[in-house]
Amino acid sequence: MKASLRWLQEFVDLPTEDPGVIAATFDGLGLEVEAVTEVVADFRGVVVAKVLAIRPHPAADRVRLVTIEDGAGGREVVCGAWNFGVGATVAYATVGSRLAGGLDVGERDIRGVRSPGMICSERELGIGDEAGGILLLDDGLAPGTDITGILGLPDVVFDIAITPNRPDAMSIHGLARELGAFFGVEVRHIDITVPPSVPGGAARVRIDDPAGCPRFTARQITGVKVGPSPLWMRMRLRSAGVRPISNVVDITNYVMLETGQPMHAFDLDRIPEETIVVRRAAPGESLTTLDGVTRRLDAADLVISGPETALGLAGIMGGGDSEVAATTTRVLLEVAHFEPTGVLLTGKRHGLRSEAVARFERGVDPLLPPVASARATGLIARLAGGVPLGELIDEHPRPHRQATIVLAVREVERLLGVRLFGLEIGTLLRRLGFGVSGDDPLTVTVPSYRPDVTRPADLIEEVARLYGLDNIPTALPHGPGGGLSEGERTRRAVRAAMVGAGYSEIFSFDFIGRDHLARLGFGEDDPRGHPLAVRNPLSDELAVLRTTLLPGLLEGLRVNVARHAGDAALFEIASVVLPAPGEPIPHQPVRLGFAVTGSGPGPAWQPRPERDALDAVGLVATLAAATGVDLVLAQATEPGFHPGRCAHVLADGAVVGAVGEIHPDVAAAWDLSGRVVAGEIALEALARGAFPGFSVPSVFPPVVFDLAFDVAAAIPVGQVVAAVKAAAGPELEDATIFDVFSGPPLEAGRKSIALRLTFRHRERTMVDAEMVPVRQAIVERVRAETGGLLRGG
Amino acid sequence: MIAPHDLRRLGDEILARLPGARSTAEVDALEAEALGPGAPVTEARRGLRDASDEVRRELGRAVNEVTAAVTAAAGERRRSLAGAERADRLAEERLDMTLPGRVPARGTAHLLSTVWDEVVDIFVALGYTVATGPEVETAYYNFDALNTPPAHPSRLESDTFYIDHGSDPEGVLLRTQTSPVQVRFMEAHQPPIYVVVPGRVYRRDAIDATHTPVFHQLEGLAVDEAITFGDLKGTLEYFARAFFGSRRRVRFLPHFFPFTEPSAEMHVDCFACEGSGCRVCRQSGWIELLGCGVVDPNVFTAVGYDPSAVSGFAFGVGIDRLALIRYGIPELRVFFDPDVRILRQFP
């Protein structure tokens with residue numbers, strides 16, 4: 001809402017004209033000023049002049065010689081505009097004056113005729129776009145008067161963001177009322193004098209839908225002469241960002257800006273049978289609105305209709321067939337009240353945002369229609385020669401009932417934290433237009449222009465607003481202490497481990513394209529292949545909710561490779577969404593996902609291994625160490641992964657994730673050519689368990705010996721290690737695999753696994769001799785569980 | 001049997017040759033000529049057992065003297081040579097220290113995570129609990145329970161993402177705010193409640209410099225017997241100073257939200273220009289930081305609390321916005337860019 005300071009001052013005498021102070025006052029009242037524009041004259045030395053005579057230029061057809069009186073005497077100037085005649089009042093730029101854009105005006109020779117100064121157009125004065133003709137001033141202005149004041153300059157325009165709960169602030173009068181309340185000064189009433197009417201008028205109004213239209217007024221006006229509106233009104237409309245059109249239309253807009261009440265002027269002669277019906281749209285009905293768009297109406301749309309066809313969308317936009325035109329002489333002025341939600345939904349449905357919608361959807365003052373109608377009628381009479389025809393038609397099927405709220409004084413202190421007496425509270429509320437009786441509790445009546453105030457809490461907000469939020473004393477309460485949730489603790493621990501392992505965290509969108517998910521090739525019975533769809537996605541690329549973090553991570557690698565940004569090691573901690581039919585909401589487990597490609601760490605001038613599945617295996621070990629969770633890998637196959645280089649991650653025997661190399665075909669779908677290592681693990685599984693208890697490291701020397709086993713190639717190393725550990729007893733401190741090979745001297749289909757075992761006792765030095773039975777037990781266990789034979793044994 | 005004077009002559013000769021030894025191996029060899037297996041001194045020591053007392057006394061003295069002298073001299077020569085040899089080896093081991101080294105792998109936490117944790121920690125220090133909740137949420141928790149009218153524009157498909165789950169097409173959505181977790185938390189707990197809820201939220205905004213359909217919020221809620229707007233002011237002022245510095249000033253301007261009454265916006269004076277006006281604060285001296293207010297009684301009623309017995313405040317602050325402001329990030333979409341050249345810059 002753009003509000004001109006001069007316009008506001010028509011209604012309230014402010015103690016200051018300082019734009020900064022006024023803007024801060026609006027801000028403090030919850031009327032956020034987004035911009036303050038100081039409108040100053042971009043010209044000087046331009047005065048009112050009267051056209052006395054006009055004659056042709058002796059040497060040029062396109063210009064004329066105009067004699068004017070500028071208060072200091074008569075003079076003749078050359079003028080190229082034709083939109084005026086003798087007697088017109090014009091803006092004359094004297095010799096030595098300066099026009100918009102810094103143009104200095106002197107005495108010029110135009111085809112042999114001297115022209116001292118010039119007659120100006122709107123554009124030359126920098127007050128409008130009109131350049132085809134000169135600016136015509138209102139008659140009756142004294143020649144020689146500087147036009148700056150006539151144009152209402154200088155002025156200040158405040159651009160105010162009005163919150164959805166404040167319909168009353170969508171008007172100059174409402175904003176003046178707020179300033180008046182703050183400064184404690186009276187606000188002047190809107191002039192509602194209606195000139196005497198002539199008898200007659202046959203128009204009829206019928207409201208078929210009183211819920212959508214609780215009140216409808218119609219004023220018939222005859223003898224209207226459509227033409228341009230006066231300069232002062234055009235300047236006012238421009239200050240509010242509204243384009244002037246014609247006097248009748250401009251008046252409806254002007255009164256809407258002034259009072260907050262939208263209205264519509266029909267050409268009475270173009271309303272069939274002069275009958276207005278307010279009803280819901282009929283099935284299949286359509287309407288061409290003023291913007292030239294033909295709209296198919298919804299059965300919930302409220303329309304202003306003739307006896308048969310719709311004339312306009314109620315409270316939103318009129319139709320082209322019945323609008324006021326240059327030839328219009330009889331006007332029907334509709335000023336009605338519409339229910340906010342219906343207007344809001346119809347406006348959204350048709351994508352129409354109008355000044356009227358912005359007001360009706362907030363809830364216009366239900367008592368305002370006759371007031372605004374009178375104001376507009378008076379202006380049409382004054383500025384367009386109209387005469388009211390008959391009396392105001394005022395259909396009022398649902399009268400407004402004034403709300404009353406009982407407010408206990410202690411409630412104000414309980415919610416605001418500042419102690420106010422009943423008297424103070426009453427004073428603040430009265431200044432805002434509320435009626436107050438009693439001391440404690442206060443009985444408060446709500447003015448019709450504040451439909452948002454219905455409860456004590458709403459009144460307390462009004463008190464706070466006028467009292468000043470910054471005047472309320474502060475306090476710093478503290479909670480009983482709870483700290484991080486387990487989820488947050490795990491997130492932090494896992495993130496720190498991943499960062500320490502060289503991975504960088506990314507954030508990606510939750511929605512992905514179906515095609516990206518399909519690249520991973522989930523089976524028909526895999527829930528990850530059945531993502532939940534966004535019903536109203538922004539695009540096909542953002543159509544479904546991710547069931548896995550892998551597409552986002554692989555996309556991350558692709559972006560880095562495509563931009564030649566260098567090797568990337570990425571991770572993300574976020575939830576995925578899995579279908580849960582019958583549940584109120586789908587499953588949303590949080591996952592850790594990672595992906596990496598390129599070379600491992602190390603200086604490039606030395607050999608560096610390419611990343612492969614062992615990086616994933618090592619990362620799982622890092623996570624296990626960082627979180628204290630025992631994570632075990634088991635060879636597995638998973639959609640999207642290399643068939644021979646993938647493992648399930650197990651915790652407590654349950655599968656909690658999968659890691660490995662991405663299948664080269666899948667990687668290729670993301671334009672990745674080298675080995676791509678990736679994985680995904682349930683974050684919940686990485687939550688640190690209870691602390692197992694501290695143990696003092698043994699100070700005694702270890703016993704170390706090596707064992708090598710000859711096993712079938714298909715036996716996983718993990719199985720051999722598990723057998724060794726199971727048989728080794730509590731003194732085994734470490735079992736390190738230091739060699740794995742196949743080929744001669746082994747038989748085909750066999751491999752050798754060499755382990756270095758370290759034993760240490762907590763309380764004494766172990767001797768080699770006591771290792772003999774241990775060694776034997778290990779060898780036997782490995783043979784029993786894996787068929788492995790001790791080499792060289 | 002070797003004569004004592006022959007032993008002494010041998011000793012003198014070796015002592016004379018030791019300074020000429022060029023390596024510890026040569027020293028070892030020279031020492032062995034006198035003292036090694038089968039060498040004269042070793043043999044003489046062995047013969048002492050069978051010698052007469054007189055010979056044993058003379059010879060024994062010579063053996064001891066020569067052994068001591070040679071051992072001492074050889075040791076001294078060895079130490080001298082070893083120092084030189086080590087110096088040679090170290091000289092050979094010289095490494096060009098301007099070569100790129102073996103850099104430990106290092107990743108970075110995302111800036112949003114860093115800010116997220118920092119804000120959470122500020123409130124944890126005030127005794128708050130951290131809670132989280134589902135991102136795919138029901139319309140009841142996201143709107144109805146938060147006093148949002150059925151026809152409120154934020155519910156429209158142009159503003160909110162709806163998810164194909166269940167029979168009601170507008171029943172399940174991507175939450176537009178972290179506030180539904182307030183409701184879930186209040187349903188599950190009784191006052192006093194001091195909780196913060198960090199998380200992802202979603203609005204149906206096309207992607208541009210200042211909009212992303214996904215962003216992050218931290219919601220705060222305090223409900224107790226006597227929570228007031230003054231408590232809200234003090235808490236958020238503390239937060240602004242903890243995050244932007246202890247000299248910051250804040251102001252509260254009335255605003256509107258469906259789930260708080262009274263509602264306000266908090267502004268903080270610009271940390272970049274100390275309030276004098278700059279690019280960060282768009283010349284205003286103030287930065288709009290967050291929305292807040294006293295919990296609307298309808299919200300308490302929806303979760304079964306008695307609005308006449310308890311009161312509370314709530315606020316919501318944009319984590320992305322905090323990160324954007326403090327680190328001078330030009331565009332929101334930077335946060336969703338996986339380019340490692342961006343990620344590596346995050347502190």
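Residues numbered from 1 in each chain as written. Chains lettered and ligands numbered in written order. Predicted model: local features only at pLDDT ≥ 70, side-chain atom pairs only at ≥ 80, totals over all residues. Heavy atoms only, no water.

## Here we look at the domain arrangement of chain B
By convention, interface size is frequently given as the accessible area that disappears when the constituent parts associate.
Here's step 1: As far as domains go, chain B holds domain 1 (4-92) and domain 2 (111-343).
Here's step 2: A straight line from the C-alpha centre of domain 1 of chain B to that of domain 2 of chain B covers 89 Å. (Domains from an automatic or database assignment.)

## A few points about a negative patch on the surface
Here's step 1: Side chains of Glu85, Asp88, Glu92 and Glu93 of chain B sit close together on the surface and give a patch of like negative charge.
Here's step 2: Mapped onto the elements, Glu92 of chain B comes out in helix H4 (residues 53-92). (Patch = residues over 30% accessible without salt bridge, like charges linked within 9 Å, V, L, I, M, F, W, Y side chains within 5 Å. Areas by Shrake-Rupley, 256 points an atom, 1.4 Å probe, with all protein chains shown as cover. Salt bridge = Lys/Arg side-chain N within 4 Å of Asp/Glu carboxyl O. Lys, Arg positive; Asp, Glu negative; His and termini not counted. Charge placed at Lys NZ, Arg CZ, Asp CG, Glu CD. Helix = DSSP H or I, 4+ residues; strand = E, 2+ residues; numbered from the N terminus.)

## Focus: the interface of chain B and chain A
Here's step 1: Listed as interface residues are 99 residues of chain B and, on the opposing side, 89 residues of chain A.
Here's step 2: A buried area of about 7600 Å², summed over both sides, lies between chain B and chain A, and 59% of it is on carbon and sulfur atoms.
Here's step 3: Put simply, chain B and chain A have 10 salt bridges between them.
Here's step 4: The partner of Asp117 of chain B in a salt bridge is Arg495 of chain A, with the nearest N and O atoms 2.7 Å apart.
Here's step 5: At the surface where chain B touches chain A, the tally comes to 49 residue pairs in polar contact (both at pLDDT 80 or more). (Contact = heavy atoms within 4.5 Å. Buried area = accessible area lost by both parts, 1.4 Å probe. Polar contact = N/O pair within 3.5 Å; in protein donor to acceptor, adjacent residues only side chain to side chain.)

## Section: the nonpolar core
Here's step 1: Phe26 and Phe511 of chain A together with Phe239 and Leu289 of chain B are the most contacted members of the largest nonpolar core, which has 171 residues in total.
Here's step 2: Not counting residues within four places of it along the chain, the set of residues in contact with Phe511 of chain A comprises Val534, Glu541, Leu542, Ala543, Val544 and Leu545 of chain A together with Phe161, Leu174, Tyr202, Pro213 and Val214 of chain B.
Here's step 3: The next biggest cluster of nonpolar side chains, apart from the first, holds 33 residues, and it includes Leu287, Leu302, Ala314 and Phe360 of chain A. (Core = buried A, V, L, I, M, F, W, Y, C linked by side-chain atoms within 4.5 Å. Buried < 20%, exposed > 50% of the residue type's maximum accessible area, 1.4 Å probe, protein only.)

## With respect to a nonpolar patch on the surface
Here's step 1: A contiguous nonpolar surface patch, about 450 Å² in accessible area, is contributed by Trp605 of chain A together with Leu95, Met97 and Leu99 of chain B.
Here's step 2: When you line up the elements, Met97 of chain B lands in the loop between H4 and helix H5 (111-124).
Here's step 3: Met97 of chain B gets classed as exposed once you look at its relative accessible area, which sits at 69%.

## Describing the packing of aromatic side chains
Here's step 1: Following the criterion strictly, the structure yields 23 aromatic pairs over all chains and no others.
Here's step 2: Aromatic side chains Phe26 of chain A and Phe158 of chain A sit 5.7 Å apart centroid to centroid with 65 degrees between the ring planes, which places their arrangement in the edge-to-face category. Of the two residues, Phe26 of chain A sits in helix H2 (residues 19-28) while Phe158 of chain A sits in strand S12 (residues 155-161), which places them 132 residues apart along the sequence.
Here's step 3: The buried category is assigned to Phe26 of chain A, whose relative accessible area is 0%.
Here's step 4: When its relative accessible area of 0% is taken as the criterion, Phe158 of chain A is described as buried.
Here's step 5: Seen in terms of ring centroids, Phe705 of chain A and Phe759 of chain A are 5.5 Å apart; in terms of plane orientation they differ by 5 degrees. Their pairing is stacked. Note that Phe705 of chain A is positioned in strand S36 (residues 703-712) and Phe759 of chain A in strand S38 (residues 750-759), a separation of 54 residues in sequence.
Here's step 6: An aromatic cluster is built from Phe123, Tyr128, Tyr194, Phe239, Phe243, Phe244, Phe271, Phe313 and Phe315 of chain B, whose rings are joined through pairwise contacts.
Here's step 7: Across the ring face of Trp670 of chain A, the terminal group of Arg519 of chain A is positioned such that the distance to the ring centre comes to 4.6 Å.
Here's step 8: The cationic tip of Arg184 of chain B hangs over the ring face of Tyr141 of chain B; the distance from NZ or CZ to the ring centre is 4.1 Å. (Phe/Tyr/Trp six-rings, centres within 6.5 Å; stacked < 30°, edge-to-face > 60°. Lys NZ or Arg CZ within 6 Å of the ring centre and 35° of its normal.)

## Details of the pattern of salt bridges
Residue and element names in this part refer to chain A.
Here's step 1: Following the criterion strictly, the structure yields 74 salt bridges over all chains and no others.
Here's step 2: Arg450 is the partner of Asp168 in a salt bridge, and the nearest nitrogen-oxygen pair spans 3.7 Å. Highlighted residues: Asp168 in the loop between S12 and helix H5 (172-183) and Arg450 in the loop between strand S26 (442-445) and helix H13 (456-467), separated in sequence by 282 residues.
Here's step 3: What emerges from the salt-bridge pattern is a single network uniting Arg166, Asp168, Glu178, Arg450, Asp452, Glu462 and Arg465.

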